[in-house]
Amino acid sequence: LYRLYKGSDRWFFLAAQQPGELARLAMIEGLHGVDQAPASKLPALLAVRFAAAPAGVWVARLTAAGLSAQVARDVHENMADPVHIARGLSILRDHPGLGRICNVGRSRRFSRTPVDPLFAAPPLGCDSRAIVDETGWGARFSQLVADGIVAEKLPAGMPPGQQRLAEGMAAR
């Protein structure tokens, strides 16, 4: 009972492995009688029952019964979550070369210590020339770039994941 299950629309996680939790499951609308199923058939039975309603409905029913459950979310949903934003776990920052981006904030903090976000990751290739110079290949830098061995900047176009985050965060 401690695993991911698929609702009719998406996945959710159920954490029910303590004594008495199977009996609580059986009292939930749509799950009546699951406590009577043989243990070997229970996962398949639950999969069929859970497929009958959206994950959010199941999570609401399960948590109302005192069980632990959570809709599985992707990084974009987590970054747009108002609680994560309010706690500084999802931040907007100016990034050299990319502009305003959504980024992960600091998760660890002391209760009375102000938290400053870490610096943004530098743009791809910003240190390429210095590194190539340090290795003694500086005179061939232009050729290394032309041959695609070294990059000086982010390739044309924004990475797809960053584009989706940017679109999702436009309202902030």
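For every chain, the first residue of the written sequence is number 1, and numbering continues from 1 along that sequence. For this predicted model, a pLDDT threshold of at least 70 governs which residues receive local features, and a threshold of 80 or more governs which side-chain atom pairs are given and counted, while totals over whole chains, interfaces and linings are taken from all residues. Just so you know, side-chain values use all the structure's heavy atoms and leave hydrogens and water out.

**Focus on the packing of aromatic side chains**
At step 1: We call Phe, Tyr and Trp rings a pair once their centres come within 6.5 Å, taking the six-membered ring for Trp, and we label the pair stacked below 30 degrees between planes, edge-to-face above 60, and tilted otherwise. Overall, the coordinates contain 5 aromatic pairs when judged by the stated rule.
At step 2: Considering the side-chain rings of Phe 12 and Phe 50, the 5.0 Å spacing of their centres and the 85° angle between planes classify their relative orientation as edge-to-face. Note that Phe 12 is positioned in strand β2 (residues 11-15) and Phe 50 in helix α2 (residues 42-50), a separation of 38 residues in sequence. Of the two residues examined, Phe 12 and Phe 50, each falls in the buried class.
At step 3: Aromatic side chains Phe 50 and Trp 58 sit 5.0 Å apart centroid to centroid with 80° between the ring planes, which places their arrangement in the edge-to-face category.
At step 4: For every residue, the accessible area (1.4 Å probe, protein chains only) is compared with the maximum for its type, and the residue is labelled buried under 20%, exposed over 50%, or partly exposed between those bounds. By relative accessible area, Phe 50 is classed as buried at 0%. Secondary structure follows DSSP: runs of H or I at least 4 residues long count as helices, runs of E at least 2 residues long count as strands, and numbering of each begins at the N terminus.

**Quick word on the sheet that holds strand β1 (residues 2-6)**
At step 1: Spatially, the 3 strands line up as an open sheet ordered β1-β2-β3, and their pairing is antiparallel. Among the strands making up the open sheet, the edge pair consists of β1 and β3 (68-71). Strand-to-strand twist of the sheet, defined as the mean angle between neighbouring strand axes without regard to direction, takes the value 20°.
At step 2: Summarising the sheet, β1 and β2 pair through 5 bridges and their orientation is antiparallel. Bridging from a neighbouring strand, Arg 3 pairs with Leu 14 of β2. Note on pairing: two strands pair once DSSP finds at least 2 bridges between them. Note on geometry: axes are lines fitted to C-alpha atoms, helical ones only across the stretch in contact, with angles between N-to-C directions running from 0 to 180 degrees.

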